[in-house]
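# Overview (structure and organization)
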Amino acid sequence: MHENVPEGRREPPEEAAAASAETDAKLAELEDRWLRAVADLDNLRKRIARDNERLRAEERARVAAAWLPVLDNLELALSHAGDGDGDAKAVLDGVRAVRDQAVSVLASLGYPRYDETGVMFDPARHEAVAAVERTDVEPGTVVEVLRPGYGEGERQLRPARVAVAKKAE
């Protein structure tokens, strides 16, 4: 059995069994530590991916919010420009094109514009700044959008400022 081992170096069977059990225990401990390290690494990767996505979303929101004053000023310019003709009409068309482009940029960043009338007031999407007596629509209906809203749900940059119908007294 131990032919190549010199006579004085052979371990008694009890010591060989103990050494084998000790080696097996160390191997099991190392395997357990390795599996834990792999699991920790996987958890770290997932946490970093979540953190990166959160940071990207915050940065997108910051950039999109920076566009809002530009859109507001374009809206204001359009409201004051009126429907001119000749060169004034060309300027007006250009300003409208820039506004449409800015709205498109916001939508591509995940913040679509909403400025619909005729829908029921939704406090999650609308900020009521006026109540108007109306008999032609149901109370609580958005009758005018004073400033459009951008984004949806948790990704909302701002609600739309609206005038809402109220019951005539």
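The structure this text deals with has already been given above.
I will try to describe carefully the structure that is included in this document. (Residues numbered from 1 in each chain as written. Predicted model: local features only at pLDDT ≥ 70, side-chain atom pairs only at ≥ 80, totals over all residues. Heavy atoms only, no water.)

### Here's the deal with the overall build of the protein
So the rule is basically this: Numbering of helices and strands runs from the N terminus, with a helix taken as a DSSP run of H or I at least four residues long and a strand as a DSSP run of E at least two residues long. Throughout, exposure labels follow a simple rule: accessible area from a 1.4 Å probe, protein chains only, divided by the maximum for the residue type, with under 20% read as buried, over 50% as exposed, and the rest as partly exposed. Between two residues, a contact is recorded if the distance between any of their heavy atoms is within 4.5 Å. Method for areas: the Shrake-Rupley scheme with a 1.4 Å probe, in which residue coverage is limited to the protein chains shown.
A count of helical and extended segments in the protein gives 2 helices and 5 strands. In the protein, the succession of α and β elements from N to C terminus is α-α-β-β-β-β-β. Summarising its shape, the C-alpha atoms of the protein cover approximately 115 × 45 × 20 Å along the three principal directions. Within the protein, the proportion of its 169 residues that are buried is 17%. Counting contacts in the protein only where the partners sit at least 6 residues apart, residues at least 24 apart contribute 61% of the total. Accessible area of the protein: about 12,100 Å², with a carbon and sulfur share of 54%.

### Remarks on the sheet that holds strand β2 (residues 126-133)
For clarity, the threshold we go by: In this analysis, strands are considered paired if DSSP registers two or more bridges between them. A fitted line through C-alpha atoms represents every axis, and for helices the fit uses only the stretch in contact; the resulting angles, taken between N-to-C directions, go from 0 to 180 degrees.
Taken together, 3 strands build an open sheet; the order of strands is β2-β5-β3 and the sheet is mixed. The open sheet terminates on both sides in strands that have one partner only, identified here as β2 and β3 (142-147). Taking each pair of neighbouring strands and ignoring which way they run, the sheet shows an average axis angle of 30°. As defined by bridge partners, β3 adjoins strand β5 (residues 160-166) across 4 bridges and the pair is classed as antiparallel. Considered in β5, the bridge of E144 is made with A163.

### Focus: the nonpolar core
In plain terms, the rule: We call a set of buried residues a nonpolar core when its members are Ala, Val, Leu, Ile, Met, Phe, Trp, Tyr or Cys and they connect through side-chain atoms within 4.5 Å of each other.
Formed by A64, L68, L71, A102, V103, L106, Y111 and Y150, the largest nonpolar core amounts to 8 residues. Excluding its chain neighbours within four sequence positions, the residues that come into contact with Y111 are A57, R60, A61, A64, L106, Y150, G151, R155 and L157. Counting residues in each nonpolar core, the second largest holds 5 residues, with Y114, V142, A160 and V162 among its members.

### Some details on the pattern of salt bridges
Once the charged atoms of two side chains with opposite charge are near each other, the side chains can pair. Where we set the bar: Any Lys or Arg side-chain nitrogen located within 4 Å of an Asp or Glu carboxyl oxygen qualifies as a salt bridge.
If you walk through the whole model with that rule in mind, you get 17 salt bridges. As a salt-bridge pair, E116 and R125 come within 3.1 Å of each other at their nearest N and O atoms. Its relative accessible area of 25% is what places R125 among the partly exposed residues. A single network of salt bridges, built from pairs that share partners, joins E75, R99, D100, R113 and D115.

### Comments concerning the side chain of R158
Cut-off, in case you're wondering: We define a polar contact as two N or O atoms separated by no more than 3.5 Å, with the added condition that, inside protein, one atom must be a possible hydrogen donor and the other a possible acceptor, whereas residues neighbouring each other in sequence contribute only through side-chain atom pairs.
Structurally, the position occupied by R158 is in the loop between β4 (149-150) and β5. Assessed through its relative accessible area of 9%, R158 is described here as buried. Within the structure, R158 has its side chain in polar contact with the backbone oxygen of P148 (distance 3.1 Å). In this structure, R158 is in contact with L68, D72, Y114, R147, P148, G149 and Y150, ignoring residues within four places of it in sequence.

### Regarding the environment of N43
With respect to the element layout, N43 can be found in helix α1 (residues 13-81). N43 sits in the partly exposed class, given a relative accessible area of 46%. Considering only alpha carbons, one finds N43 and R54, 11 residues apart in sequence, at a separation of 17 Å.

### What to know about the pairing of β5
Of all 7 residues making up β5, 5 are buried, and the element is well covered by its neighbours. One ladder, built from 7 bridges, connects β2 with β5; its direction is parallel. Its bridge partner lying in β5, E127 is registered against R161.

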